[in-house]
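Observations on chain architecture
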Amino acid sequence: MAGGGAPTPAKGGKKSVDFTVNLVPTIDLLSVLIAFLLITAVWTQLARIQASQVLPKTSPTPQDEDPDKEKPKKLLIFVQPEEVTINFTNVDPVAVPPVTFKKADGDLNKLVREHIKKVSSDTALVVDKKKQAVVIASSDNVEYRQIIEMMDILIDNGLPGISLADANVVKGMLPDDPNAPPPGGASSPAPPQ
Amino acid sequence: MPIVTKPSKQLVKKVPLAFIRKIADGHGRANVIADLNVTPMVDMLTMLVIFLLLTFSASGEILTITRDIVLPKAFNAVELERAPIIAISKAKIAFEGQFVMDATDISNERYVDFVLPPLKERLERNRDQWRLTHQDKTFDGNVIIQSDNSVNFVVIKMIMMTCAQAEYSQMNFAVLRTDRAGSSVGPAEGGEGAPAH
């Protein structure tokens with residue numbers, strides 16, 4: 001049995017072939033291991049999402065100076081408490097108009113998720129996934145949770161290069177904005193400040 | 001008397017109660033001394049050890065969860081690495097567990113250049129200390145931003161700008177990792193999928 005460690009004596013004085021292993025040290029070891037692992041266990045699954053920030057430009061880059069060179073496409077998402085606008089920079093605004101989703105239309109996350117999935121599979125709108133090709137601009141009164149939800153949706157659709165910027169970045173680029181540039185002349189986002 | 005004796009009825013021989021001795025002796029009835037079968041217990045303990053070893057995190061607890069900071073949930077998140085932590089609640093901003101400034105009166109009008117001077121000073125001091133102790137390494141600029149769900153973007157924006165000014169350019173937003181259904185990405189169409197990276 002469990003407590004035994006010696007051969008069980010057999011009838012007739014012969015040595016028995018049965019041998020019981022002493023399990024008490026095993027139980028001791030396992031109990032100590034369990035106690036140690038329970039004490040050192042981390043039960044909350046904390047993780048991180050990385051992002052960078054759109055910083056003010058100090059001087060024009062060579063790319064800005066060369067008008068013939070095709071500027072890289074960027075996916076621009078403008079988050080407001082009640083609506084989300086999705087736009088592309090450096091694409092024809094007539095062919096690819098900005099799309100705005102409102103909270104009143106339904107689940108905002110679901111609407112954005114479906115649209116991002118659609119545009120990320122469109123070969124004409126492929127953005128450079130290795131570079132910071134997605135900019136999330138937000139108005140000041142948007143909650144942090146909403147920004148993280150947008151970032152999660154973007155990463156889920158294979159767009160991990162996310163930059164954050166403030167609402168000044170999208171000035172002049174929204175459909176109802178009086179400062180909006182003429183069709184075909186979408187410019188690169190203005191830096192904050 | 002030998003120190004080690006064979007476990008048997010002798011265990012209760014010295015009990016000064018006749019009826020106990022009688023029961024222990026058996027008198028043809030079942031013996032009160034029974035061996036405990038510990039094999040299922042060892043099985044259970046082994047299973048527990050395997051489960052705990054699988055869920056064991058070697059990095060330990062990097063962030064301290066406080067009552068006033070409720071982290072947002074996300075599915076596509078990677079494992080945390082040790083870096084300086086900026087904790088932001090609705091009321092205050094802390095750096096590495098120490099209070100830095102109030103977060104209630106942060107606005108574009110008050111901090112026109114989007115930089116929070118008390119936080120910038122702490123970040124720069126931390127960066128200089130790191131450089132002093134790691135002279136053979138290049139500064140990676142990693143920082144963890146642990147913010148409450150309901151903090152407004154104006155605060156996050158200013159903290160990010162302050163970090164960038166203090167050369168902390170790699171900003172990591174702490175989140176609570178959850179399954180697909182519990183996050184904004186929604187349930188997978190063809191079953192549960194792995195994170196994108």
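Residues numbered from 1 in each chain as written. Chains lettered and ligands numbered in written order. Predicted model: local features only at pLDDT ≥ 70, side-chain atom pairs only at ≥ 80, totals over all residues. Heavy atoms only, no water.

Thoughts on the interface of chain A and chain B
- At the interface, 49 residues of chain A touch 65 residues of chain B.
- Summed over both partners, the interface of chain A with chain B buries about 5000 Å², with 64% contributed by carbon and sulfur atoms.
- By the criterion of area lost to chain B, the three top residues of chain A are Leu46, Arg48 and Tyr144 of chain A, representing 17% of everything that side buries.
- Where chain A touches chain B, the interface holds 4 salt bridges.
- Of the charged contacts in the structure, one is a salt bridge between Glu81 of chain B and Arg48 of chain A, with a shortest N-O distance of 3.5 Å.
- In this assembly, chain A and chain B are joined by 20 residue pairs in polar contact (both at pLDDT 80 or more).
- Listing elements by their share of the side of chain A that touches chain B, those giving two or more residues are helix 1 (24–40), strand 3 (46–53), helix 3 (108–120), helix 4 (144–156) and strand 8 (162–166) of chain A.
- In terms of residues, the side of chain A that touches chain B owes the most to one element, helix 4 of chain A, which gives 10 residues.
- A breakdown of the residues in the side of chain A that touches chain B according to their chemical character gives 26 nonpolar, 13 polar and 10 charged. (Contact = heavy atoms within 4.5 Å. Buried area = accessible area lost by both parts, 1.4 Å probe. Salt bridge = Lys/Arg side-chain N within 4 Å of Asp/Glu carboxyl O. Polar contact = N/O pair within 3.5 Å; in protein donor to acceptor, adjacent residues only side chain to side chain. Helix = DSSP H or I, 4+ residues; strand = E, 2+ residues; numbered from the N terminus. Nonpolar A, V, L, I, M, F, W, Y, C, P; charged D, E, K, R; others polar.)

Observations concerning the side chain of Thr178 of chain B
Residue and element names in this part refer to chain B.
- Tracing the backbone shows Thr178 in the segment after strand 7 (170–177).
- Among the polar contacts listed, one links the side chain of Thr178 to the side chain of Asp179, at a separation of 3.1 Å.
- The contacts of Thr178, once residues within four sequence positions are left out, are Lys73, Ala74, Phe75 and Ser183.

Brief notes about the environment of Phe88 of chain A
- If you trace the backbone, Phe88 of chain A turns up in strand 5 (residues 83–89).
- By relative accessible area, which is 5% here, Phe88 of chain A ends up buried. (Buried < 20%, exposed > 50% of the residue type's maximum accessible area, 1.4 Å probe, protein only.)

Observations concerning the confidence of the model for chain B
Residues and elements named next belong to chain B.
- Taken as a whole, chain B shows an average pLDDT of 83; of its residues, 83% reach a score of 70 or greater.
- Here residues 192–197 is a poorly scored stretch, pLDDT under 50, and it has 14 contacts once near neighbours within four places are set aside; other chains count.
- Here the predicted complex scores 0.70 on pTM and 0.72 on ipTM. (pLDDT = per-residue confidence, 0-100.)

Quick notes on the nonpolar core
- Residues Ile77 and Met151 of chain A together with Ile86, Ile93, Ile159 and Phe173 of chain B are the most contacted members of the largest nonpolar core, which totals 66 residues.
- Element by element, the count of residues in this core is highest for helix 4 (residues 153–165) of chain B, at 9 residues.
- Counting 12 residues, the second largest nonpolar core, distinct from the first, contains Leu46 of chain A together with Leu71, Ala83 and Ala174 of chain B. (Core = buried A, V, L, I, M, F, W, Y, C linked by side-chain atoms within 4.5 Å.)

Overview of the packing of aromatic side chains
- Following the criterion strictly, the structure yields 3 aromatic pairs over all chains and no others.
- Judged by centre distance (5.9 Å) and plane angle (50 degrees), the rings of Tyr144 of chain A and Phe173 of chain B are tilted. Here Tyr144 of chain A is found in helix 4, whereas its partner Phe173 of chain B is found in strand 7 on a different chain.
- Note on Tyr144 of chain A: relative accessible area 1%, which makes it buried.
- On the basis of relative accessibility, which here comes to 1%, the residue Phe173 of chain B falls in the buried class.
- Between Phe139 of chain B and Tyr168 of chain B, the ring centres sit 5.0 Å apart and the planes meet at 85 degrees, which makes this aromatic pair edge-to-face. With Phe139 of chain B in the loop between helix 3 (117–133) and strand 6 (142–147) and Tyr168 of chain B in the loop between helix 4 and strand 7, this pair connects stretches of sequence that are 29 residues apart.
- On the basis of relative accessible area, Phe139 of chain B is assigned to the buried category, the value being 18%. (Phe/Tyr/Trp six-rings, centres within 6.5 Å; stacked < 30°, edge-to-face > 60°.)

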